[in-house]
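Here's the letter readout for the chains.
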Amino acid sequence: MNLPKSISNLYWSFKDRKLIEDVYRDSDCHFIYLPRDTKKIFIDVYIKAGALLEDERQAGIGHVLEHYISALVHKELPDDVKFGAKINDDYIVFYLESEADTTLVHAFNTLFEVLTRPDFSQKEVFDYEKRSIMSELGEEKNDIERRLERLVERTRYVDEPNGRSFVDHLPKMKELSLENIATYHKKILTKEHITIFVSAVKSHPSVLSAVTDKLDILNVSKGVPDFPRPTYSDFSIVIDEDPNLSGSYLVMTFPSLNRTASLKDEVILDLLIEIMKDPEHKGARQEMREQGIYDITVVQHEGAHNGYLAMRSYVSNDQIVAWIQIVASLMRILKESGPSQSLFERIKGEWIGDMTTHWRTNSGRFALLSDRILNQGNVPGYKKEIEEIAASATVNDVREMAKKIFEREKVNLILFGENTGLSREEIAKAMVF
Ligand SMILES: [Zn+2]
């Protein structure tokens, strides 16, 4: 078959960023090649059907569908092909990898066949997979990290599936029938919901044909999906008590940039985060150590629309107020004067060094590119462009970013652990921005 010229070009011309953009805008092209430096060939099928699209009555249904289809595909696949699946807020993803073209083509055909026309009569498989999800969720209950994540989600996605407790999924999931799954499958498996990525370091015409042939069956879309935006609760304090913990996890979260943010804003935010992580910053870390607080982490999460920024520690009851005050004062300093020039220059140099190393790893580059293409509809800037932005960034840029993000009305504080005896008023009073 004759391939669209743009696709075959792209395959060999990854170095030319413009080509990727052209292909992406080309309405005839429905999938994208992203080369990776390895002998393997990868096919990633993204279906827009994550937790964020589930209403309360069907909580967890995407997860069940993901397990069910995976189980059916697994039965059909030979051992020499690697197959996996996952679900997150935004997507169900099925991925295949193999070193041999023929194996991969066969596996892809199988996956596609099952995906588009699953046999919804396998009651035993269905019951087994439902049980395995329940045990997965049961394990989550004992997983402190996961519980913290859920609490953070609750402050971000108010009235959205991720704002509900995962325990709520269980009774709903028990009631789900194969008919429910079949109806849901029919609803989500449309061309607008699918994006396919093929990646390899050199051309594999048979893999290419296998994928393009499928375009006739299902016109795979290149569209950017639309997800609900997180509705941040304003200045909320979430308290979750767990008598089994001696001490408390404290997490202060802020809504950060959304995925349509400019490349410059993203770079500046990254620099701001590195500055917050740095132990030398204006003595804030020193002050924490004096209070006996050693564990402090800064996390940035990119969500479907808005991400969040969080600072987290594990503290004892009598350190809680001090922690809130010190973190709030760090935010205040960053907003008022920004980091010192010398600290900023050092962080910038380190950041550019790290970025260059990261860019060299192909899986990192694939993650960056595919994520951007899926969620933003464009490709991230080239290494050189990012490097130039970082090199010309100033202390003032960081200060402006801090002003944008650290607003008291947008702060959410999570307190998770033993009973602290502190009232919400006492906590709120300590947060002076
Ligand atoms: Zn699962």
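None of these values were measured; they are calculated from a predicted model. Position numbers for residues start from 1 in each chain and track the written sequence from start to end. Selection of residues for local features in this predicted model requires a pLDDT of at least 70, selection of side-chain atom pairs for listing and counting requires 80 or more, and totals for whole chains, interfaces and linings are taken over all residues.

Draft legend 1. How the structure looks around the overall build of the protein. Check the secondary structure of the protein and you find 17 helices and ten strands. Three exposure classes are used. Buried residues have 20 or more other C-beta atoms within 10 Å of their own C-beta, exposed residues have 12 or fewer, and partly exposed residues fall in between, all C-beta atoms being placed from the backbone. Residue burial in the protein is summarised as follows: out of 433 residues, 34% are buried. Here, residues touch in the contact sense if the C-beta positions derived from the backbone fall within 7 Å of one another. Counting contacts in the protein only where the partners sit at least 6 residues apart, residues at least 24 apart contribute 81% of the total. Elements are defined by DSSP. Helices are runs of H or I of four residues or more, strands are runs of E of two residues or more, and each kind is numbered from the N terminus.

Draft legend 2. Molecular detail of the nonpolar core. We call a set of buried Ala, Val, Leu, Ile, Met, Phe, Trp, Tyr and Cys residues a nonpolar core when their C-beta atoms link them within 7 Å. Residues Leu 271, Leu 272, Trp 323, Val 327 and Val 398 are the most contacted members of the largest nonpolar core, which totals 43 residues. The leading source of residues in this core is helix 12 (residues 320-336), at eight residues. Ranked by size, the runner-up nonpolar core spans 40 residues in total, among them Ala 51, Ile 69, Phe 94 and Leu 115.

Draft legend 3. Broad picture of the confidence of the model for the protein. Every residue carries a pLDDT, the predictor's confidence in it, which falls somewhere between 0 and 100. Of the residues in the protein, 76% have a pLDDT of 70 or more, and the chain-wide mean is 79. The low-confidence segment residues 1-31, where pLDDT is below 50, has 43 contacts with residues more than four positions distant or belonging to other chains. Taken as a whole, residues 216-225 scores under 50 in pLDDT and shows 28 contacts with residues more than four places along the chain or in a different chain.

Draft legend 4. Geometry of the environment of Tyr 46. Position of Tyr 46 relative to the elements: it lies in strand 2 (residues 41-48). For Tyr 46, a count of 22 C-beta atoms within 10 Å puts it in the buried group.

Draft legend 5. Just the environment of Ile 237, in detail. Along the chain, Ile 237 falls in strand 6 (residues 236-241). For Ile 237 and Ile 414, which are 177 residues apart along the polypeptide, the C-alpha to C-alpha distance reads 5.8 Å. Not counting the four nearest positions on each side in its chain, Ile 237 is found in contact with Leu 413, Leu 415, Arg 424, Ile 427 and Ala 428.

Draft legend 6. Summary view of the pairing of strand 3 (residues 82-87). In this scheme, strands are said to pair when DSSP sees at least two bridges between them. Of the strand pairs in this sheet, strand 3 and strand 4 (residues 91-98) are connected by six bridges, and their pairing is antiparallel. The residue bridging Ala 85 from the neighbouring strand is Phe 94, located in strand 4. Counting the residues that bridge the hairpin from strand 3 to strand 4 gives three residues.

Draft legend 7. Expanded view of helix 6 (residues 144-156). Each residue after the first adds 1.5 Å to the expected span of a helix. Taking 1.5 Å per residue, 13 residues should reach 18 Å; helix 6 reaches 19 Å between its end C-alpha atoms and fits that length. Those residues of helix 6 lying buried are Leu 151, Val 152, Glu 153, Arg 154, Thr 155 and Arg 156.

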